[in-house]
2 protein chains.
Amino acid sequence: MEEDDSRMSIELLSAEEDKHGGVTVNIDDPHPIHPLLFASSLKASLSNWTQQGKKGVWIKLHIQHSNLVDSAVMAGFRYHHAEPHYLMLVYWIPDTPDSLPANASHRVGVGAFVMNTKRELLVVQEKGGKFKGTGVWKMPTGAVNEGEDICAAAIREVKEETGVETEFVEILAFRQSHKSFFEKSDLFFVCMLQPHSFDIQSQDSEILACQWMPIEEYAHQDFMQKNQLFHYIAKICLSKSDGEYTGISSLLTTTSSGKKTYLYYNNGYNLHLSASKEEEAN
Amino acid sequence: MEEDDSRMSIELLSAEEDKHGGVTVNIDDPHPIHPLLFASSLKASLSNWTQQGKKGVWIKLHIQHSNLVDSAVMAGFRYHHAEPHYLMLVYWIPDTPDSLPANASHRVGVGAFVMNTKRELLVVQEKGGKFKGTGVWKMPTGAVNEGEDICAAAIREVKEETGVETEFVEILAFRQSHKSFFEKSDLFFVCMLQPHSFDIQSQDSEILACQWMPIEEYAHQDFMQKNQLFHYIAKICLSKSDGEYTGISSLLTTTSSGKKTYLYYNNGYNLHLSASKEEEAN
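Residues numbered from 1 in each chain as written. Chains lettered and ligands numbered in written order. Predicted model: local features only at pLDDT ≥ 70, side-chain atom pairs only at ≥ 80, totals over all residues. Heavy atoms only, no water.

To keep it simple, the criterion reads: UniProt positions are given in the numbering used here, feature names are shortened, and annotations may be inferred rather than shown by experiment.
The name recorded for chain A in an unreviewed UniProt entry is Putative hydrolase, from Lupinus albus. Recorded in UniProt under Sequence similarities (unreviewed entry), the annotation for chain A is "Belongs to the Nudix hydrolase family."

Here is the structure:
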């Protein structure tokens, strides 16, 4: 009897199974959890998952449980990724190389090429960043938000920085660069947009000035001449404005699971990718 | 005299200044640090940085110092991002909306369209994932590694999955999808590669089978017909194999800071973007 009394009952962590043979524990309890209690539950749970032949074990720790991070690391977990309100830790049980999915590796940015019928380009000067105080006039640019489409991001940035309403036409070009922020890479898409309004009303706290500028003046800025990448992009934009370039079109389509997704491709070949009205009706 | 004796000297954290008015503390000391000592140093340092008018404060905590995470969160820091070996925390001092850069938001994948002179496509069947047991033959695909160029990733994946040596030709199309992994988005680039070898030797533990398959047979698989996105991509590939499509070319160029970067654009317009040998010599 004494033996039974001296046993402590340890609650196993509740976990959701995934289709890759792994489990995910989500710790978002509104109440504080004691690190020692968590450490015991985790140890017992790990032993249980190991017996069950599980592979990857994920722990999503809400930031209010930051006092549990150390216990998970002590149990052999490593960091996988973090967002402002949580930290994701992971542990690979089998004695094989792990096949865990990689963390997000890229940030995505957009620049907007917006030209009016007088061949004037919508350009801005930024208050901060690398162009601060240089006098360089550049296209409106910005980061694509979490879950945002590239074509939508370009329209939003132009509206925020200049107040001008636009419609997406196509992507003219894009570049990939590395180590742009910590160890992450960066994809930057130059989008052509058609303006639907022309009055400039900047609400953006990061924009110093904004104007419509003759495209040749934009392209002949000293900076554009000295920076090969910008020089090429300016050349592409000039060709486009002369009607001698076709960019990359967007087409809203769906996957087999019904997910909406944009496909970007060269639409200059009469490919008839999108369904006709008749096909859609069937 | 007694007053002086009762004072504890608190060491300020050493920090590097950045060009946005912020500071970064890098905690990678090989020795353990006591959380109370760290909390005191952090409190004193924060007060010091506030007086100096600093904005963003970054703390990069090596995973061996996971016992300090809680102290940083208690001091008001939030998570910014994490990689396997470290956690980055951040704190915005001013009484204004923070202008901190966003975390990486996308993973980037590649698929490889590799066709031989007999109009046969290099295709694989995967052991796991969503196509497991479906019998679907697909292009070799994979994730772009940290710091890797899209064009290089496609070549590497084909070599790993099939043993076939290839050369990058162009990107045929790409799609963006959302919520593909936790809250992250996904960019997938279909790359056309020219094969330089034809013997199949798969070393990849995730590949079940691999073969050269007539392109029409590939495109007419049931799955391709039912999935609009795949159907469109197959159509683009067929057009390409018939010489009726131009994809997105790559050009290695440099930024003003001398960074190498690939620019991707439609090269079907005789744009003469790359410098001639003479220009390069000057």
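Resuming the write-up.
Let's talk about the packing of aromatic side chains
Residue and element names in this part refer to chain A. Let me state the cut-off plainly: Pairs were defined over the aromatic rings of Phe, Tyr and Trp, the Trp ring being its six-membered one, requiring ring centres within 6.5 Å. Orientation was assigned from the angle between planes: stacked under 30 degrees, edge-to-face over 60, tilted for the rest. By the criteria applied, helices consist of DSSP H or I runs no shorter than four residues and strands consist of E runs no shorter than two, each listed in order from the N terminus. Burial here depends on accessible area, computed with a 1.4 Å probe over protein chains only, as a share of the maximum for the residue type. Under 20% is buried, over 50% is exposed, and the range in between is partly exposed.
Evaluated as defined, the whole model comprises 19 aromatic pairs over all chains. Both rings, one in Phe131 and one in Phe230, keep their centres 6.3 Å apart while their planes meet at 65 degrees; by these two values the pair is edge-to-face. Here Phe131, found in the loop between β7 (120–126) and β8 (141–143), pairs with Phe230, found in helix α7 (residues 228–241); they are 99 residues apart in sequence, far enough to count as distant. Geometrically, the ring pair formed by Tyr262 and Tyr264 is tilted, given 6.2 Å between the ring centres and 35 degrees between the ring planes. Look at Tyr262 and you get buried, because its relative accessible area is 18%. On the accessibility criterion, Tyr264 (0% relative accessible area) is buried.

Notes on the environment of A:Asp204
Residues and elements named next belong to chain A. Note the cut-off: Contact definition: two residues touch when any of their heavy atoms are within 4.5 Å. Between N or O atoms, a polar contact is any pair within 3.5 Å; within protein, one atom must be a potential hydrogen donor and the other a potential acceptor, and residues adjacent in sequence are included only when both atoms are from side chains.
Here Asp204 is to be found in the loop between β10 (184–195) and β11 (207–214). Take Asp204: its relative accessible area is 18%, and that puts it in the buried class. With 43 residues separating them in the primary sequence, Asp204 and Glu161 have C-alpha atoms 5.1 Å apart. When sequence neighbours within four positions are dropped, the list of residues in contact with Asp204 reads Glu160 and Glu161. Side-chain polar atoms of Asp204 contact the backbone nitrogen of Glu206, separated by 2.7 Å.

Remarks on the pairing of strand β12 (residues 249–254) of chain A
For a regular strand, the rule is simple: side chains alternate between the two faces of the sheet. Residue and element names in this part refer to chain A. We count it as follows: Two strands are said to pair when DSSP picks up at least two bridges between them.
As paired strands, β12 and strand β13 (residues 260–265) are joined by 6 bridges and run antiparallel to one another. The partner of Thr254 across the bridge, within β13, is Lys260. Between the end of β12 and the start of β13, which pair antiparallel, lie 5 residues, with Gly258 showing a positive phi angle near 85 degrees.

With respect to the relation of the copies chain B and chain A
Keep this limit in mind: A least-squares superposition brings the copies together, and it is based on the C-alpha atoms of residues with pLDDT no lower than 70 in both.
Once turned by 180 degrees and shifted 0.1 Å along the axis, chain B lies on chain A with an RMSD of 0.1 Å. Here the two chains are linked by the operation of a two-fold rotation axis. Here 100% of the contact residues of chain B are again contact residues in chain A; the copies associate through an equivalent surface.

Description of the nonpolar core
Rules: Residues grouped as a nonpolar core are buried Ala, Val, Leu, Ile, Met, Phe, Trp, Tyr and Cys residues, joined through side-chain atoms within 4.5 Å.
In this structure, A:Phe174, A:Phe189, B:Phe174 and B:Phe189 are the most contacted members of the largest nonpolar core, which totals 52 residues. Those residues in contact with B:Phe174 that lie beyond four places of it in its chain are A:Ile171, A:Phe174, A:Phe189, A:Ile248, A:Tyr262, A:Leu263, A:Tyr264, B:Leu187, B:Phe188, B:Phe189 and B:Ile248.

As for the sheet that holds strand β4 (residues 78–83) of chain A
Residue and element names in this part refer to chain A. To keep it simple, the criterion reads: The axes are straight lines fitted to the C-alpha atoms, using for helices just the contacting stretch, and the angles between their N-to-C directions are given from 0 to 180°.
As summarised here, the arrangement of the 5 strands in space is β1-β2-β3-β5-β4, forming an open sheet in which the pairing is mixed. Edge positions in the sheet fall to β1 (16–17) and β4, since each has one partner strand and no second. Pairing of β4 with strand β5 (residues 86–92), which is carried by 5 bridges, proceeds in the antiparallel orientation. Bridge pairing links Glu83 to Tyr86 in β5. Of the strands in this sheet, β2 (23–27), β3 (56–62) and β5 are in contact with helix α2 (residues 35–51), which crosses β3 at around 155 degrees.

Points about the domain arrangement of chain A
Residues and elements named next belong to chain A. In plain terms, the rule: Reported domain spans reflect what an automatic or database domain assignment gives. Summed over both partners, the accessible area lost on bringing two parts together, with a 1.4 Å probe, is the buried area. In the sections that follow, a salt bridge refers to a side-chain nitrogen of Lys or Arg positioned within 4 Å of a carboxyl oxygen of Asp or Glu.
For chain A, the assigned domains are domain 1 (13–92), domain 2 (106–241) and domain 3 (248–281). Contacts between domain 2 and domain 3 engage 7 residues on the former and 5 residues on the latter. Here domain 2 and domain 3 share an interface that buries about 550 Å² over both sides, 61% of which is from carbon and sulfur atoms. For the interface between domain 2 and domain 3, the tally reads 0 salt bridges. Linking domain 2 with domain 3 are 1 residue pair in polar contact (both at pLDDT 80 or more). Elements that contribute at least two residues to the side of domain 2 that touches domain 3 include exactly α4 (150–162) and β9 (166–181). No other element matches the 4 residues that β9 contributes to the side of domain 2 that touches domain 3.

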